[in-house]
2 protein chains.
Amino acid sequence: MRTFLDCIPCFMIQALRTGRLVGLSDEKILRLLIDLGGKIKNIKLDDPPPKTAVMVYDLINSYTGKTDPFKTVKKQGTEKALALYPQLKKEISESEDPLGLAIRFAITGNVIDFGISSSYDLESEIQKIMDQSFGRWDEEKFKKAVARADWILYLGDNTGETVFDRLLIETLAHTVTYVVREKPIINDATREDALAAGLDKTATIISSGCAAPGTVLDQCTPEFRELFRKAPVIISKGQGNYETLSDSDAPIFFFLKAKCDVVARHLGVIKGDLVLASGHLN
Amino acid sequence: MRTFLDCIPCFMIQALRTGRLVGLSDEKILRLLIDLGGKIKNIKLDDPPPKTAVMVYDLINSYTGKTDPFKTVKKQGTEKALALYPQLKKEISESEDPLGLAIRFAITGNVIDFGISSSYDLESEIQKIMDQSFGRWDEEKFKKAVARADWILYLGDNTGETVFDRLLIETLAHTVTYVVREKPIINDATREDALAAGLDKTATIISSGCAAPGTVLDQCTPEFRELFRKAPVIISKGQGNYETLSDSDAPIFFFLKAKCDVVARHLGVIKGDLVLASGHLN
């Protein structure tokens, strides 16, 4: 998916929010916005938004002096999700359709902003989301593809959501390779974050080699690209992975909440919808 | 009210929307955004947002080649509101509290985007809004102030909303001076727009002399400033007038919907709330 004009003010909003999150002064954030405004000319609309996001967050980091401004947010996210893990695990094991429930939990994981909610809020939030409408829901297609596959490539997204990914992977009981970002960007999961969620207990964790908040194939390692090419089924979590892989003809299933109008329109759903969408898989 | 950092991406969004409204190509809108991004450094956070908006919309106009890109939208807005006028007039006259109902209609007028709704939608929209929650509602204070006043200065805002202003002015039955913008900006009412709404039948129409989408006193004519100074009661419609006059100690009543977080926070209400707020009037 290419970058849309709507993404430009959105990058500004992200810079503003991150600046505030790390406690920059208004004066410093204004200088950051001025600087970012001057760099709009460097944005290539043909690139997917996560590719541009690297430039935006590198600039933000140069103002915050931090390479991982979301470190605390991510840590809290994992802790809150882990506190819910036993209860959700129990619900799945007692469900009539464990895989169906684990799938919904995994997509629910993409919905919640772990940075702000308490784990108490999280629980009621999850119940609310579980009843939410979905725009596309290719669950049967996904289940069939999984039944035929001998292993699964799983592209992670946010930290905290990782715990929900772990639940799905444990329920799938397949050999799974779990893919993280090469370096910290926004609240995306790195190897360290995946380990904190206990994903090493159930999957092999690898880095894609890409530092963007998505999967830009030509920025990934040859090893990852080889796995991507061979994978019988790929689970892709979140908007960033969708934005970078929506044009791929690999056997991908996109698990996400459509969080902005641009992605929702591209998917043919309404903003806020939960989505389980098969890519070009037949 | 000063300009907040949040207003900066919002100006970008406004440029994008207006560019699309007048049918600019994506390429031209991108150039507009690049240009605007380079001008962020000229924004003075001490100014109220409408003062900055003049720079933004002047830039937009230089790309669209139009001095009144909202002309069609405004015309449609007035027509749709005039189509509802007889019904609303009847409802007011049959109400147990005609002034109370006319006040709610006038604030409701600030809510509706006349550019997009059909007049059929408008009717149901109005009913919905009439039941909406309000953040501040100094109606009794307003009614008392009006009862003591021998004339009223009425600061208009959007075109179409003008018809709802006319209903309130007719119900008040006071001598009213109705104030419009000096030149077209966004969908704000100019003299021409006020005439189209029939406001000349019930009020004296004057321009403030200010071309911003608000009332920047030091950009207004001496005549307007004199009226402003002497007015026993001022009705100020919409966010733009609030943003430019919130610090004034004049006897102002602000009628508006809080349409963004920045204004809502400043007013101590929640975004989306309807507001009738007395200024520094005792």
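Rules used throughout
Residues numbered from 1 in each chain as written. Chains lettered and ligands numbered in written order. Predicted model: local features only at pLDDT ≥ 70, side-chain atom pairs only at ≥ 80, totals over all residues. Heavy atoms only, no water. Helix = DSSP H or I, 4+ residues; strand = E, 2+ residues; numbered from the N terminus. Buried < 20%, exposed > 50% of the residue type's maximum accessible area, 1.4 Å probe, protein only. Contact = heavy atoms within 4.5 Å. Areas by Shrake-Rupley, 256 points an atom, 1.4 Å probe, with all protein chains shown as cover. Domains from an automatic or database assignment. Buried area = accessible area lost by both parts, 1.4 Å probe. Salt bridge = Lys/Arg side-chain N within 4 Å of Asp/Glu carboxyl O. Polar contact = N/O pair within 3.5 Å; in protein donor to acceptor, adjacent residues only side chain to side chain. Phe/Tyr/Trp six-rings, centres within 6.5 Å; stacked < 30°, edge-to-face > 60°. Lys NZ or Arg CZ within 6 Å of the ring centre and 35° of its normal. Least-squares fit on C-alpha atoms with pLDDT ≥ 70 in both. Pairing = 2+ DSSP bridges. Right-handed = clockwise from strand over helix to strand, strands pointing away. Axes fitted to C-alpha atoms, helices over the stretch in contact; angles between N-to-C directions. Expected span 1.5 Å × (residues − 1).

Let us look at the overall build of chain A. When its secondary structure is counted, chain A shows 12 helices and seven strands. Its C-alpha atoms give chain A principal-axis dimensions of about 55 × 40 × 35 Å. Burial analysis of chain A (282 residues in total) assigns 59% to the buried set. Put simply, 71% of the contacts in chain A that link residues at least 6 apart link residues at least 24 apart. Carbon and sulfur atoms form 50% of the exposed surface of chain A, whose accessible area is close to 11900 Å².

This next bit is on helix α11 (residues 238–245) of chain A. All names here are of chain A. Across the eight residues that make up α11, a large majority, eight, are buried. Along α11, the positions that sit buried rather than exposed are Gly238, Gln239, Gly240, Asn241, Tyr242, Glu243, Thr244 and Leu245. Those residues of α11 hidden inside the fold are in contact with α3 (49–64), β2 (151–155), α10 (222–230), β5 (234–237), β6 (252–257) and α12 (261–267).

All names here are of chain A. Along its sequence, chain A is organised into domain 1 (7–64) and domain 2 (71–278). Just the C-alpha atoms count here: the centres of domain 1 and domain 2 sit 26 Å apart. Listed by partner, the interface residues are nine residues for domain 1 and 13 residues for domain 2. Between domain 1 and domain 2, the buried area comes to about 810 Å², and carbon and sulfur atoms account for 79% of it. Taken as a group, Pro50, Lys51 and Tyr57 account for 52% of the area that domain 1 buries against domain 2, more than any other trio of residues on that side. Inspection of the region where domain 1 meets domain 2 yields zero salt bridges. Applying the counting rule to domain 1 against domain 2 returns zero residue pairs in polar contact (both at pLDDT 80 or more). Mapped onto the side of domain 1 that touches domain 2, the elements with two or more residues apiece are α1 (7–21) and α3.

If you walk through the whole model with that rule in mind, you get 12 aromatic pairs over all chains. Here the aromatic residues Phe142, Phe253 and Phe255 of chain A are joined through ring pairs into a cluster of three or more. Taking NZ or CZ as reference, Arg2 of chain A lies 4.4 Å from the ring centre of Phe4 of chain A, over its face. In this structure, Arg166 of chain B packs its charged tip against the face of Tyr85 of chain B, placed 4.3 Å from the ring centre.

Let us look at the relation of the copies chain B and chain A. Superposing chain B onto chain A takes a rotation of 180° combined with a translation of 0.0 Å along the rotation axis, leaving an RMSD of 0.0 Å. Those values place the two copies in the arrangement expected of a two-fold rotation axis. No C-alpha of chain B lies nearer the rotation axis than that of Gly37 of chain B, which sits 1.9 Å from it. Most of the interface of chain B is mirrored in chain A, where 100% of its interface residues are also at the interface.

Another aspect to go through is the pairing of strand β4 (residues 204–207) of chain B. All names here are of chain B. Here strand β3 (residues 175–180) pairs with β4 via four bridges, running parallel. By the bridge assignment, Thr177 is partnered in β4 with Thr204. Chirality of the crossover, the property in question, places the unit of β3, helix α9 (residues 191–196) and β4 among those that are right-handed.

Taken together, the contact between chain B and chain A spans 19 residues of the former and 19 residues of the latter. Interface area lost by chain B to chain A is led by Leu5, Pro9 and Leu30 of chain B, which between them contribute 30%. Applying the counting rule to chain B against chain A returns four salt bridges. Of the charged contacts in the structure, one is a salt bridge between Asp6 of chain B and Arg20 of chain A, with a shortest N-O distance of 2.8 Å. Where the side of chain B that touches chain A is concerned, the elements lending two or more residues are α1 (7–21) and α2 (26–38) of chain B. Considering every element that reaches the side of chain B that touches chain A, the biggest residue donor is α2 of chain B, with seven residues.

Right, let's talk about unusual backbone geometry for a bit. If you check the backbone angles, Ala173 of chain A has positive phi at about 55° while not being a glycine. Residue placement: Ala173 of chain A occurs in the loop between α8 (161–172) and β3 (175–180). Ala173 of chain A gets classed as exposed once you look at its relative accessible area, which sits at 66%. The backbone of Ile186 of chain B sits at a positive phi, close to 50°, despite the residue not being glycine. Positionally, Ile186 of chain B belongs in the loop between β3 and α9.

Here we come to the sheet that holds β4 of chain B. Residues and elements named next belong to chain B. Taken together, the seven strands give an open sheet; going across it, the order is β1-β7-β6-β5-β2-β3-β4, and neighbouring strands pair in mixed fashion. A single partner strand is all that each edge strand has here, and the edge strands are β1 (134–137) and β4. Within the sheet, the average angular offset between the axes of one strand and its neighbour, ignoring direction, is 20°. On top of the sheet, helix α7 (residues 139–148) reaches β1, β2 (151–155), β5 (234–237), β6 (252–257) and β7 (274–278); it is set at about 135° to β6, its chief contact.

Right, let's get into helix α8 (residues 161–172) of chain B. Residue and element names in this part refer to chain B. Compared with an ideal rise of 1.5 Å per residue, which puts 12 residues at 16 Å, α8 spans 17 Å between its outermost C-alpha atoms and is within 8% of the ideal. Counting buried residues in α8 gives 10 out of 12 residues, a clear majority hidden from the surface. Residues of α8 that are buried: Glu161, Thr162, Val163, Phe164, Asp165, Arg166, Leu167, Leu168, Ile169 and Leu172. In the segment just after α8, Ala173 is the residue with positive phi, at about 55°.

Residue and element names in this part refer to chain A. Pairing in this open sheet of seven strands is mixed, and the strands run β1-β7-β6-β5-β2-β3-β4 from one edge to the other. Unpaired on one side and paired on the other, β1 (134–137) and β4 (204–207) mark the two borders of the sheet. With strand direction ignored, the average angle separating the axes of adjacent strands in the sheet is 20°. Where β1 and strand β7 (residues 274–278) come together, three bridges link them in parallel fashion. Following the sheet pairing, Trp137 is matched in β7 by Leu276. The sheet strands contacting α11 are β2, β5 and β6, and the helix crosses β6 at an angle near 140°.

Take the side chain of Asn110 of chain A next. Residue and element names in this part refer to chain A. Within the fold, Asn110 resides in the loop between α5 (98–109) and α6 (119–130). For Asn110, a relative accessible area of 0% gives the class buried. Polar side-chain contacts of Asn110 include one of 3.1 Å to the side chain of Glu161. Apart from the residues lying within four places of it in its own chain, the contact partners of Asn110 are Asp157, Asn158, Glu161, Gly238, Leu256, Lys257 and Lys259.

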